[in-house]
Each structure stands twice: as structure tokens, then as C-alpha cells.
Amino acid sequence: MVKVVKFGGSSLASAEQFKKVADIIHAEDSRRFVVPSAPGKRFSADTKVTDMLYTCYDVAAKGKDFDDKFNEIKKRYYEIIEGLGLDISLEKDFEAIKAGFIGKAGRDFAASRGEFLNGKVLAAYLGYEFIDAAEVIHFNDNGTFDAALTDTAMKERLNGIERAVIPGFYGVMPNDTIKTFSRGGSDITGSIVAAAVSADLYENWTDVSGFLIADPRIIDDPAPIRTITYKELRELSYMGATVLHEDAIFPVRKVGIPINIKNTNAPEDPGTMIVESTSQKPEFTITGIAGKKGFTVINIEKELMNAELGFGRKVLEVFEKNEINFEHMPSGIDTMSVIVSQAEFEPKEQEVLAGLHRNVKPDVIDIETDLALIAVVGRAMKSNRGTAGRIFAALAHSNVNVKMIDQGSSELNIIIGVSEAEFAPALKAIYDIFVTAKL
Ligand code: ADP
Ligand code: ASP
Ligand code: MG
């Protein structure tokens, strides 16, 4: 039995947390490959080391004095090292990092040092071998992940190795510069390592007892999800349930390795199992709810739009030319709405409007901003009649105005658009009807 265990930032934020992590690893002989994040927040107003590194590098890149900021980062590690009573020095590493900052080695290099150093500390504490992710995680010239080369390099490097710590979040480009995944990317590293060593299980240890039905920062003490499918998880994580990086499922999914989300602060809790498919009936009609703010909807009206061949294509062409992704495109007979990220749309607004007028000569274009999207996700919705009806009744009852609905053709999700101001009340209303009232 082999398990790959990834520990998130809050699980490794202090010496006290490191001790919990070591207890977890030592509790099972199968926990042989460990992927750490950089030290995260120790308390809610704290700053993650990753963010400290970005800030420090930005100061350095401007040619300003960055000693103070750099020393604060050093302090975070030395507090951990001393708290654990370890006899190691990172001075040489800090000197090399400083030289990298002065030599403008890049923001990715800077950020990656958080995981690199934490990996070294954890390896020393566990007595495991340290393997630099730059030896085993590879990116292509264009910055995309090189799965084939990584798999070969990882298998070769890990061959014959019993136990190792491999830092998360970064890898190397063909020109030897360091590149990171997007934020939260240590989850991806864990998944890649799990696939490479053909692990039986990928345990992802964090600060909550699994994937919860809703965001705990919005809903008080939400119930955990015991089992969720990869598909459901993808819908939820794409829509803002950021427990696990949305790309972290691909490497393990291909080879059928389940993921278990566990709580470092409550290791006895079963957490959430993420699986390809399951015969287990979910406890509630819905598996989870998630949502994101920051969308704009562009409503296009034109009489007899339905009879105009290629209308949809011409509309989307305008967005494509302006390099704006569309999220959803609900349509009526003479109306079509395109929902896009506000941040992507705003700088190109006038180009898009001009393009639409040119391409499809609409009667009216109306723009609505500050929209939030909510995804209600569940494999059981397909076989439960009237789910949409119950959602709308709950929202109407809470005086939430629904601006848009879109049901995925898989019947796995229903997307609802509401104003940002009504985001939290809408989430609460949906949670209450399905989970609290079990309707
Ligand atoms: P780590 O540092 O361990 O990778 P993250 O901060 O990336 O942890 O992810 C865990 C956090 O995700 C939780 O502390 C919680 O605030 C947030 N979160 C958002 N939505 C959910 C959800 N549906 N279930 C659980 N946690 C959620
Ligand atoms: N430390 C990185 C971040 O804060 C990566 C991770 O935690 O997964 O985004
Ligand atoms: Mg994370």
C-alpha cells in the first residue's frame, strides 16, 4: 500500500502544525511520499509565505532595498526550525535566493522558494529524502505542463526510493528557469506524484474535514460531503469551492486513484472521498453548492434572431477576437445572453460592443454588471424531480431575484445568476432547503 500525502499551507504554518503532520505521517507506514506547501496562515490576519515572497520580489525587482521583507520570511522558517528543535541551517539557501532576487530570477522562482524551503525543513524533520521538484516536474517552452516528460523523470528519480518529500507548486522549464502552477498548485503536484508512483490513495490534508456542502466562510458549519465524483467536484471547484485546485484531479483520474480530503487538525474525521463513480446515494438531493462573484451579462436582442443562420457564431466570434472566454450563453427566441468575467470584459468593453454592432446588428444591447453565479451540483438531481422548482421557491421565499438560469445538459448542475448583493442570502436559501430541511 502506497499513499501520497499532500499538506496545505495552514497544515505547515508553524512548528506546532509540523508536529501534527509528522504524527499523521508516522501513524501509517504507507504514507511514503509527502508533498508540502509553503507555510500558510497561522491565524486569519496572517500572511502566507507565498504572498510574502511575491511582495518581497516585487520590491527587489524595482531595485529597492528588500532586506526587511526578506528577513521576515527568514523568521517564519527559523521559528519553525527552532520550534522543532532541528539542527539544520538554511543560510546557504537564503543566500542563493537573495542572489536570485537581485539577478531577477522571476516571480515564479521567488514564489516557489516557499515550498522548496518548507520541503527541506519537513524532510529533515521526518528523516525522509528531499527531492527538488525542479528535478521531476517539467513544463514546456510555452508554459504548459509536460506530462510525458514529468512522468518519465519522476519514475526514474523515485525508482528504489522508499520515502521522500517533494515540494509542491513548481517545476522547471526547458531553459532551466523555475515555473509554478497557478495559486493552490501544490494540489496538482500531489496528484502527479500519486499517479507516478501508482499510489493506492492520494490524501490531501487541509484545515477542514473534507469538501463541505457549501463554503464555510458563508454558511455556518456546513455538513461535509462523504463521497463526491470527479465530475461533481470539477463543477464545484470551477465555481469557487477552492478546497482542491481544479486541475488536481486530472493526473489521478486517468489512472483511477481516489483522493481523500482530510483535516490535519481532526485526523480521525473521515473527510471526503473523491472517486470516478459510486453507487453510494448522496445524503441529500444536492451534493454541493458553490459560487463566484464578478460576472457581467451582455444581453443581445434582435427580432427574428432565431431565423438568422450563424447568429450565435457571429456573436461568439466577437468575444473570441477580443480573447474573452464566455462562461454561459442562455438564449431565448429573440434574445441571447453572454456571461463573461467582469475583469476580462471591462477593459475591452467598447471593442466588444462595436464588434457586436458590426457583426450582428442587434436591436438592443444591454449590459448588467456585478453578477454572481451559483452552481447547484448533484448526481442525484437527475433522478429527483422538481429540483429546479425547489431552488426557485426557496430563492423567491428569501426575496432573491433570479437573473439567469442555465441547466447543464448533463443534469449534474443548475447555474443561477443573482446580483452580488444577493449572493450570500441565495446560497443560504439553497443550503437550507436541501440540507437543513432535507427537501
Ligand atoms: P490548503 O492551504 O490546505 O491547500 P485551502 O485554503 O487551499 O487549503 O483550501 C481549504 C479552504 O477552502 C478551507 O479552509 C475553506 O475556507 C475553503 N473552502 C471553500 N469552499 C469550501 C467547501 N465547499 N468545502 C470546504 N472548504 C471550502
Ligand atoms: N503556496 C502556494 C499558494 O499559496 C501553492 C499552494 O499552497 O498550493 O498558492
Ligand atoms: Mg489549497
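Keep in mind that this is a model prediction, so the values were computed, not measured.

Novice: Describe the overall build of the protein chain, with residues and values.
Specialist: Looking only at helices and strands, one finds 15 helices and 16 strands in the protein chain. Computed over its C-alpha atoms, the radius of gyration of the protein chain comes to 24 Å, within 12% of the 22 Å expected for a compact globule of 439 residues. Along the first, second and third principal axes, the C-alpha set of the protein chain runs to 75 × 50 × 40 Å. A fraction of 74% describes how many contacts in the protein chain between residues 6 or more apart in sequence connect residues 24 or more apart.

Novice: Which residues make up the site of ligand 1, and what are the values?
Specialist: Looking at ligand 1, there are 17 residues lining it, with Lys6, Gly9, Thr206, Asp207 and Leu212 nearest. For ligand 1, an oxygen atom lies 3.2 Å from a polar atom in the backbone of glycine 9. Here an oxygen atom of ligand 1 and a side-chain polar atom of threonine 206 are 2.7 Å apart. Contact with the protein chains covers 85% of the free accessible surface of ligand 1, which is 570 Å². Class assignment of the residues belonging to the shell around ligand 1 gives a composition of eight nonpolar, five polar and four charged.

Novice: So what's going on with the site of ligand 2? Residues and values would help.
Specialist: Lining the immediate environment of ligand 2, one finds Ser37, Lys48, Thr50, Glu115, Phe169, Arg183, Gly184, Gly185 and Ser186. Here an oxygen atom of ligand 2 and a side-chain polar atom of serine 37 are 3.3 Å apart. A distance of 2.8 Å separates a nitrogen atom of ligand 2 from a polar side-chain atom of glutamate 115. When isolated, ligand 2 has an accessible area of 260 Å², and the protein chains bury 93% of it.

Novice: Could you give an account of the sheet that holds strand 3 (residues 129–130), with specific residues and numbers?
Specialist: Here eight strands make up an open sheet; going across it, the order is 3-4-2-1-7-9-10-8 and the pairing mixed. Either end of the sheet is taken by a strand with one partner, and the two such strands are strand 3 and strand 8 (227–229). By the bridge criterion, three bridges tie strand 8 to strand 10 (residues 272–275) in an arrangement that is parallel. Along strand 10, the bridge assignment pairs threonine 229 with valine 275. Along the sheet face, helix 9 (residues 230–238) touches strand 8, strand 9 (259–263) and strand 10 and points at about 85° away from the line of strand 8.

Novice: Got a sec to walk through the pattern of salt bridges? Specific residues and values, please.
Specialist: Overall, the coordinates contain 26 salt bridges when judged by the stated rule. Between aspartate 93 and lysine 120 there is a salt bridge, and its shortest N-O distance comes to 3.1 Å. One end of the pair, aspartate 93, is in helix 4 (residues 91–102); the other, lysine 120, is in helix 5 (residues 107–126), with 27 residues separating them in the sequence. Assessed through its relative accessible area of 14%, aspartate 93 is described here as buried.

Novice: I'd like to hear about the sheet that holds strand 12 (residues 326–328), residue by residue, with values.
Specialist: Taken in spatial order, the six strands make up an open sheet running 12-13-11-14-16-15, and their pairing is antiparallel. The sheet is open, and its two edges are formed by strand 12 and strand 15 (404–407), each paired on a single side. Shown here is a sheet whose adjacent strand axes are inclined to one another by a mean of 40°, direction ignored. Pairing geometry for strand 11 (residues 288–301) and strand 13 (residues 335–341), over seven bridges, is antiparallel. Paired with valine 297 across the two strands is isoleucine 339, which belongs to strand 13. Along the sheet face, helix 11 (residues 311–321) touches strand 11, strand 12 and strand 13 and points at about 25° away from the line of strand 13.

Novice: Quick one: what's the story with a negative patch on the surface, residue by residue and with numbers?
Specialist: Taken together, the side chains of Glu301, Glu303, Asp363 and Asp366 make up a negatively charged region of the molecular surface. Inspection of the secondary structure assignment puts aspartate 363 in the loop between helix 13 (349–360) and strand 14 (364–377).

Novice: Break down the packing of aromatic side chains for me, citing the residues and quoting the values.
Specialist: Following the criterion strictly, the structure yields twelve aromatic pairs and no others. Geometrically, the ring pair formed by tyrosine 78 and phenylalanine 94 is tilted, given 5.9 Å between the ring centres and 50° between the ring planes. Here the residue tyrosine 78 occupies a position in helix 3 (residues 67–83), and phenylalanine 94 occupies one in helix 4, the gap between them amounting to 16 residues. Just as tyrosine 78 is buried, phenylalanine 94 falls in that class too. Aromatic rings pair up to connect Tyr57, Phe66, Phe70, Tyr77, Tyr78, Phe94 and Phe101 into one cluster. The ring of tyrosine 238 is capped by lysine 292, whose NZ or CZ atom sits 4.8 Å from the centre of that ring.

Novice: Hey, could you go over the environment of asparagine 71 for me, with residue numbers and the actual values?
Specialist: Here asparagine 71 is to be found in helix 3. Asparagine 71 gets classed as partly exposed once you look at its relative accessible area, which sits at 39%. In this structure, the C-alpha to C-alpha distance between asparagine 71 and phenylalanine 94, residues 23 residues apart in sequence, is 9.7 Å.

Novice: Before we move on, can you summarise unusual backbone geometry with the specific residues and values?
Specialist: Even without glycine at this site, serine 198 takes up a positive phi of about 50°. Looking at the element boundaries, serine 198 is found in the loop between helix 8 (186–196) and strand 7 (201–206). In this structure serine 198 comes out as exposed when scored by relative accessible area, which is 53%. A positive phi angle, close to 60°, is found at asparagine 399, a residue other than glycine. By the secondary structure assignment, asparagine 399 is in the loop between helix 14 (387–397) and strand 15.

Novice: With reference to specific residues and values, describe the packing of helix 2 (residues 49–61) against helix 3.
Specialist: Closest axis-to-axis distance for the helix 2/helix 3 pair is 9 Å, and the angle between their directions is 155°. Considering the angle they form, helix 2 stands roughly antiparallel to helix 3. Judged by the sense of rotation from one axis to the other, the crossing of helix 2 with helix 3 is left-handed. Between helix 2 and helix 3, the residues in contact are Val49, Met52, Leu53, Thr55, Cys56 and Val59 and Lys69, Phe70, Glu72, Ile73, Arg76 and Tyr77, respectively. Split by residue class, the contact of helix 2 with helix 3 holds eight nonpolar, one polar and three charged.

What counts as what
Residues numbered from 1 in each chain as written. Chains lettered and ligands numbered in written order. Predicted model: local features only at pLDDT ≥ 70, side-chain atom pairs only at ≥ 80, totals over all residues. Heavy atoms only, no water. Helix = DSSP H or I, 4+ residues; strand = E, 2+ residues; numbered from the N terminus. Rg over C-alpha atoms; globule rule 2.2 N^0.38 Å. Contact = heavy atoms within 4.5 Å. Near = heavy atom within 4 Å. Polar contact = N/O pair within 3.5 Å; in protein donor to acceptor, adjacent residues only side chain to side chain. Areas by Shrake-Rupley, 256 points an atom, 1.4 Å probe, with all protein chains shown as cover. Nonpolar A, V, L, I, M, F, W, Y, C, P; charged D, E, K, R; others polar. Pairing = 2+ DSSP bridges. Axes fitted to C-alpha atoms, helices over the stretch in contact; angles between N-to-C directions. Salt bridge = Lys/Arg side-chain N within 4 Å of Asp/Glu carboxyl O. Buried < 20%, exposed > 50% of the residue type's maximum accessible area, 1.4 Å probe, protein only. Patch = residues over 30% accessible without salt bridge, like charges linked within 9 Å, V, L, I, M, F, W, Y side chains within 5 Å. Lys, Arg positive; Asp, Glu negative; His and termini not counted. Charge placed at Lys NZ, Arg CZ, Asp CG, Glu CD. Phe/Tyr/Trp six-rings, centres within 6.5 Å; stacked < 30°, edge-to-face > 60°. Lys NZ or Arg CZ within 6 Å of the ring centre and 35° of its normal. Parallel < 35°, antiparallel > 145°, perpendicular 65-115°, else oblique. Left-handed = near helix turned anticlockwise from the far one by under 90°.

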